[in-house]
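# Geometric and topological summary
Residues per chain are reported as follows:
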Amino acid sequence: TGSLNARRRRLVNMAFDVLDKDGSGLVTVEDMAMAYDVSKHPEYQSGKKSKEAILLELLDAFEVGGDKDGVVTRQEFENYYSSISASIDNE
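Residues numbered from 1 in each chain as written. Predicted model: local features only at pLDDT ≥ 70, side-chain atom pairs only at ≥ 80, totals over all residues. Heavy atoms only, no water.

Now for the overall build of the chain. In terms of regular secondary structure, the chain is built from 5 helices and 2 strands. Ordering the α and β elements of the chain from the N terminus gives α-β-α-α-α-β-α. Its C-alpha atoms give the chain principal-axis dimensions of roughly 40 × 30 × 20 Å. Within the chain, the fraction of its 91 residues that count as buried is 30%. A separation threshold of at least 6 residues defines the contact pool for the chain, and within that pool the share at least 24 residues apart is 48%. Accessible surface for the chain amounts to roughly 5700 Å². Of this, 52% is attributable to carbon and sulfur atoms. Averaged over its 11 positive side-chain charges, the chain has a centre that lies 7 Å from the centre of its 17 negative ones. (Helix = DSSP H or I, 4+ residues; strand = E, 2+ residues; numbered from the N terminus. Buried < 20%, exposed > 50% of the residue type's maximum accessible area, 1.4 Å probe, protein only. Contact = heavy atoms within 4.5 Å. Areas by Shrake-Rupley, 256 points an atom, 1.4 Å probe, with all protein chains shown as cover. Lys, Arg positive; Asp, Glu negative; His and termini not counted. Charge placed at Lys NZ, Arg CZ, Asp CG, Glu CD.)

Moving on to the packing of aromatic side chains. Per the counting criterion, the structure on display carries 6 aromatic pairs. Aromatic side chains Y80 and Y81 sit 4.8 Å apart centroid to centroid with 90° between the ring planes, which places their arrangement in the edge-to-face category. Judged by its relative accessible area of 22%, Y80 is partly exposed. A relative accessible area of 28% means that Y81 is categorised as partly exposed. In this structure an aromatic cluster arises from ring pairing among F16, F62, F77, Y80 and Y81. (Phe/Tyr/Trp six-rings, centres within 6.5 Å; stacked < 30°, edge-to-face > 60°.)

The subject of this paragraph is the environment of E57. If you trace the backbone, E57 turns up in helix α4 (residues 51-62). Its relative accessible area of 43% is what places E57 among the partly exposed residues. In sequence terms E57 and R9 are 48 residues apart; their C-alpha atoms lie 24 Å from each other.

Purely geometric stuff here, so don't read any function into it on its own.
Here's what the structure looks like:
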């Protein structure tokens, strides 16, 4: 796993704060629903997946190094971006 430099950590925390619509310190399905328009998602449009299923799938991707409980903590969000950061050579 990579680590986030100070600049990246600030950006990741800013992104988390944008998603955390109610300021609870957690990103929930309700927060994600306010941030992401599922109606444009091809699997929603085709009727293959429900709005909630797509939102839970998105949340699940961010839950790195924590409980897979449908709620993303700031640490899980940072862990996700740390794992991506490992594959980036330069700023």
